[in-house]
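# A structural walkthrough
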Amino acid sequence: MIGLYSPGTSFVHRAPTLLKLVLLSLCIVVIGLSPDLRVVGGAAAGVVLLFVVARVPLRAATAQIAPILLILVVALPIQGFLSGWLVAALMAGRLLVAVALAALFTMTTTVTAVLLAFQTLLRPFRRFIDADRVGLLVALTIRCIPLVADIVREVMEARTARGTRGSLMSIAVPVVVRSLYAADALGEALVARGLDD
Amino acid sequence: MSTIHFEAVSQSFGDRTVLRDVNLTLTEHRIGIIGANGSGKSTLVRMINGLVTPTSGTVTVDGLNVARRAREVRRRVGFIFTNPDNQIVMPTVQEDVAFTLRRRGLSPAEIAERTAAALEQFGLAAHADHPAHRLSGGQKQLLALAAVLVAEPATIVADEPTTLLDARNARRIGELLHTLPQQVIVVTHHLHLVEDFDRVIVIEAGEVAADGAPAQALATYRDLVQ
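These numbers come from a predicted model, not from an experiment.

## Regarding the environment of Gly42 of chain A
Residue and element names in this part refer to chain A.
- Position of Gly42 relative to the elements: it lies in helix α3 (residues 37-54).
- Residue classification places Gly42 among the partly exposed residues on the basis of 14 C-beta atoms within 10 Å.
- For the pair Gly42 and Ile31, spaced 11 residues apart in sequence, the C-alpha to C-alpha distance is 9.8 Å.

## A closer look at the confidence of the model for chain A
- Counting all residues, the mean pLDDT for chain A is 85, and 96% of those residues have values of 70 or more.
- Mean pLDDT across the elements of chain A bottoms out in helix α6 (residues 111-122) of chain A (80) and peaks in α3 of chain A (91).

## Points about the pairing of strand β7 (residues 155-159) of chain B
Residue and element names in this part refer to chain B.
- The buried count for β7 comes to 5 of 5 residues, which makes it a mostly enclosed element.
- With burial as the criterion, each face of β7 is covered, one bearing Thr155, Val157 and Asp159 and the other bearing Ile156 and Ala158.
- In terms of strand pairing, strand β6 (residues 77-80) meets β7 through 4 bridges, oriented parallel. Each residue of the ladder has a partner; that of Gly78, found in β7, is Ile156.
- Where β7 and strand β8 (residues 183-187) come together, 5 bridges link them in parallel fashion. Each residue of the ladder has a partner; that of Ile156, found in β8, is Val184.
- The parallel pair β7 and β8, bridged by helix α6 (residues 167-179), forms a crossover whose chirality is right-handed.

## Examining the packing of helix α3 (residues 93-100) of chain B against helix α4 (residues 108-121) of chain B
Residue and element names in this part refer to chain B.
- At their nearest, the axes of α3 and α4 sit 9 Å apart, and the two run at 120° to each other. Put simply, α3 runs oblique to α4. Crossing handedness for the pair α3 and α4: right-handed. On α4, the residues touching Val93, Gln94, Val97 and Ala98 of α3 are Ile111, Thr115, Ala118 and Leu119.
- In the contact of α3 with α4, the residues fall into 6 nonpolar, 2 polar and no charged.

## Points about the nonpolar core
- Residues Ile33, Ile48, Leu143, Ala146 and Val186 of chain B are the most contacted members of the largest nonpolar core, which totals 74 residues.
- Examining the composition of this core, we find that 8 residues originate from one element, helix α5 (residues 137-149) of chain B, more than from any other.
- If we skip the residues at most four places from it in the chain, Val186 of chain B touches Gly32, Ile33, Ala158, Pro161, Leu177, Leu193 and Val194 of chain B.
- Membership of the second largest hydrophobic core comes to 14 residues, among which are Val47, Phe51, Leu101 and Ala103 of chain A.

## Thoughts on the domain arrangement of chain A
- The domains assigned to chain A are domain 1 (11-109) and domain 2 (127-192).
- Distance between the C-alpha centres of domain 1 of chain A and domain 2 of chain A: 33 Å.

## Topic: the environment of Pro84 of chain B
Residues and elements named next belong to chain B.
- Here Pro84 lies in the loop between β6 and α3.
- The sequence separation of Pro84 and Ala70 amounts to 14 residues, and the corresponding C-alpha distance is 23 Å.
- When sequence neighbours within four positions are dropped, the list of residues in contact with Pro84 reads Lys140, Gln141, Leu143 and Ala144.

## Section: the sheet that holds β7 of chain B
Residues and elements named next belong to chain B.
- Taken in spatial order, the 6 strands line up as β6-β7-β8-β3-β9-β10 in an open sheet, and their pairing is mixed. Edge positions in the sheet fall to β6 and β10 (207-212), since each of these pairs with one other strand and no more. Each adjacent strand pair in this sheet contributes to an overall mean axis angle of 15°, direction not counted.
- Pairing of strand β3 (residues 30-35) with β8, which is carried by 4 bridges, proceeds in the parallel orientation. Within the sheet, the bridge partner assigned to Ile31 lies in β8 and is Ile185.
- The sheet contacts of α5 involve β6 and β7, and relative to β6 the element is tilted by about 170°.

Conventions and cut-offs
- Residues numbered from 1 in each chain as written.
- Chains lettered and ligands numbered in written order.
- Predicted model: local features only at pLDDT ≥ 70, side-chain atom pairs only at ≥ 80, totals over all residues.
- Helix = DSSP H or I, 4+ residues; strand = E, 2+ residues; numbered from the N terminus.
- Buried ≥ 20, exposed ≤ 12 C-beta atoms within 10 Å, placed from the backbone.
- pLDDT = per-residue confidence, 0-100.
- Pairing = 2+ DSSP bridges.
- Right-handed = clockwise from strand over helix to strand, strands pointing away.
- Axes fitted to C-alpha atoms, helices over the stretch in contact; angles between N-to-C directions.
- Parallel < 35°, antiparallel > 145°, perpendicular 65-115°, else oblique.
- Left-handed = near helix turned anticlockwise from the far one by under 90°.
- Contact = placed C-beta atoms within 7 Å.
- Nonpolar A, V, L, I, M, F, W, Y, C, P; charged D, E, K, R; others polar.
- Core = buried A, V, L, I, M, F, W, Y, C linked by C-beta atoms within 7 Å.
- Domains from an automatic or database assignment.

Structure representation (structure tokens):
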């Protein structure tokens, strides 16, 4: 998803998105409830195996999992002293496995596949919810993240170029104004591409 | 070629008049529209697929009144914007092209096939799964073209498609516009782009200042901007 998708043809990539989502949720529930270190350890080994099978680039995988390690560096000793090292190890293992699995899902599933899965999930409610529209909404939200990030970067650069160091307002106002312009243009493009209802 | 007809078209935003009584019939294969910033040329071409509805007068495409039957007209007329960033709606290259083919009653296999063919044609096949926002400016404009042409419109309207591009990419897009079988209407400041078009129209202060063969129209425009 977003910029994180890493293309591939492994069975992890090809597995149906809904199946992946269900297994991801199930696995997280199971390791969340299990008080046994062996279960969590087994799950961790399984996740490592899946990463290898999916041939996700090592660097991309590390970038996904590193932030949680930073949290654990602080949280693990605290939990260890307060409630025992077994609980601390369980907590760390659960977090790591959950984050790694979610990252694997993100890196092996395209946005289109997630949208289609959403639409399938929403189908029973189609009398109340237009699944197509929800899908488009999610897609546009994802697409707008880099768009707004670019706007913020350009506004910061313009500020630096002029040598001014103003308040938060001096960034916020041009960012909001330019985002609205971009939204207008995006709307026009959607209309031109046939989404005019 | 489609017949695009402007009849007594005027447009004003508040008390600012942008176009004044424009009458044009466009039937040629390649038509260039040039004029100063703010002359009204972008507004004029936006009327062709109903992005702007004229304050008075009518625009028709093959006899279809754009104001009333915009949806049908938009299936015949593809539009390329200046800034491809605003035209890309989906996160990856392939998904953005496939997005055009939604709701057209095509099977997923047909969509995949046509998307792949379009990416191949525009040299983007190697980037199919890449995030669209990481492409270079030239590649983004190629993607915008691919996403429009995959729907096989009869007419392409391009509003300054090369303004944001470097010289090489501008030439590449220009060459593509020259080889398309579709009717092409291009608004541009890159005058050499339209030098061998079939017809060039000069818009000045909301009116048609010159209309005809490129050499003559470009000469008029050069005089105007002196």
